[in-house]
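Descriptive analysis of the structure
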Amino acid sequence: AVIDTATVNLYNPSSYASLVKGQPLFAIGMSSHFSKYNYQNSSSYGRVVGLNQITMAMSVSKRFGLAFGLQPFSRRGYDIEQTILENGDSVRYNYTGSGSTQEVLGGLSYRILNMHRHQLSIGVNYAYIFGSVTNERRSTFVEYDPIGGADQRTYRLHGTRYTTGLNYAVMLDTTGNQYLRLGAVFSPEQTLNAHREYFLYSSDDIEDPNVYDTLVAVLDDKGTITYPANMAFGFSYSFRPKTNATSSRRHIYQLNVYGEYNTTLWSNYQTSFDGEHTVGQFKDARRFSLGLQFSPNIETYNRNSGNSYIYRMRYRAGTYFGTMPNIENGTQLSEYGVTFGLGFPVASQRTNSSLNISVQYGQRGTNEVNALKEQFVSVNFGVILAPSSYDKWFKKYKLD
């Protein structure tokens, strides 16, 4: 339910109709994720840095809005080493995962109800997903290292999926100082086409793929992946103080409160390749989120408002908790975290352009002793570019 004229919200496609006509928003974002993993008496570190969206969204009329862009659909990255004793011999196993999938999407939004105090919009995103991920396992006898074997599985994904959304906004007073917005997003269970490749190798040097001896090779094994349904429900409440004819707009602040419940039915996830079905690997995931945004001055783009720049910034904080689809020793993993963010408006002209920075700290795992746990910090950067109010798109010019 984070829907306003200065934000690109790809998660709810009904948001595009709420943008200002003639002022499209171009958004690009980068994210970084730094993790520390603890398991029994050992620990390790990992990081992921990448692009998280390139998007253009715009309102083309009083009721229609559209968006298109590119964003990650999934990422895989891990590197685990384990040494165990089997029949008196020490065996070293290395597990690695790599790759990612992307989605190119287009979305359309329509405002069904456009009254003074009531607004209702619906929308749909349609996306094409492509990319590949790889799982690899290597094993060697420590005594005869680097002689060993490896098996490798690669999944190439290509398919389409869609997401629907709606939002309803109501003015709670007669002056426009209080608004309540309700939002919902639904993505049904959908089947994606995929290809699987499997290789089994032996090698005199397991660290050098150039000398692998192929024992088994399965190429272009066609199949499907059943991606589970996702549902999200949220609200936002905005408040600003009452004003009168003698009030100065530089003193008008705004407070926004956001809440959301999100669930994905991961228990229905399954794969099917060459008649082989894999089900029951995960449990349903749920998440509860709560956030705040404070704007000391609602006219963020106005340099003549009389306030310093810090009064035109947006200040954000939030928290979330929930369960993950993963299971360890029969126990479902949980996750919680806190977030902080700042929005820096571009005040050189009347525009909705801004730079946004957020920091997130969280933990994942279980409460069991010696279980695998993750502590992480994420730093995210986003830039939103928009034309000034004097240079609107789709404007009809008249000659006198």
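Quick look at the structure, then.

About the thresholds
Residues numbered from 1 in each chain as written. Predicted model: local features only at pLDDT ≥ 70, side-chain atom pairs only at ≥ 80, totals over all residues. Heavy atoms only, no water. Helix = DSSP H or I, 4+ residues; strand = E, 2+ residues; numbered from the N terminus. Buried < 20%, exposed > 50% of the residue type's maximum accessible area, 1.4 Å probe, protein only. Contact = heavy atoms within 4.5 Å. Areas by Shrake-Rupley, 256 points an atom, 1.4 Å probe, with all protein chains shown as cover. Lys, Arg positive; Asp, Glu negative; His and termini not counted. Charge placed at Lys NZ, Arg CZ, Asp CG, Glu CD. Polar contact = N/O pair within 3.5 Å; in protein donor to acceptor, adjacent residues only side chain to side chain. Salt bridge = Lys/Arg side-chain N within 4 Å of Asp/Glu carboxyl O. Pairing = 2+ DSSP bridges.

Before going further, it helps to examine the overall build of the chain. Along the backbone of the chain there are 0 helices and 19 strands. The buried share of the chain, reckoned over its 400 residues, is 41%. In the chain, of all internal contacts separated by at least 6 residues, the share reaching a separation of at least 24 is 65%. Total accessible area on the chain stands at roughly 22300 Å², and carbon and sulfur atoms take up 55% of it. With 36 positive and 31 negative side-chain charges, the chain shows a separation of 23 Å between the mean positions of the two kinds.

Following the sequence through the fold, Glu103 ends up in strand β5 (residues 89-114). Relative accessible area serves as the criterion here: at 7%, Glu103 is assigned to the buried category. There is a polar contact of 2.6 Å between the side chain of Glu103 and the side chain of Gln71. What Glu103 contacts, discounting residues up to four positions off in sequence, is Gly69, Leu70, Gln71, Phe73, Ala127, Tyr128, Ile129 and Arg161.

To continue, consider the pattern of salt bridges. Considering all chains together, one arrives at 13 salt bridges under this definition. Arg364 is the salt-bridge partner of Glu374, the closest N and O atoms lying 3.4 Å from each other. In this pair, Glu374 is assigned in strand β19 (residues 373-385) and Arg364 in strand β18 (residues 354-365), connecting sequence segments 10 residues apart. By sharing partners, the salt bridges in this structure join Arg287, Glu335, Arg364 and Glu374 into a single network.

What follows deals with the side chain of Ser59. Structurally, Ser59 is set in strand β2 (residues 42-59). Side-chain polar atoms of Ser59 contact the backbone oxygen of Ser61, separated by 2.8 Å. A polar contact of 3.3 Å, which involves the side chain of Ser59, links it to the backbone oxygen of Phe64.

Further remarks concern the pairing of strand β7 (residues 148-171). Pairing geometry for strand β6 (residues 118-141) and β7, over 23 bridges, is antiparallel. Paired with Ser139 across the strands is Gly149, a residue of β7. What sits between the antiparallel neighbours β6 and β7 is a turn of 6 residues. Judged from the 11 bridges that link them, β7 and strand β9 (residues 190-203) form a sheet pairing that is antiparallel. Paired with Ala150 across the bridge in β9 is Tyr201. Sheet topology places β7 next to strand β8 (residues 178-187); 8 bridges connect them, and they run antiparallel.

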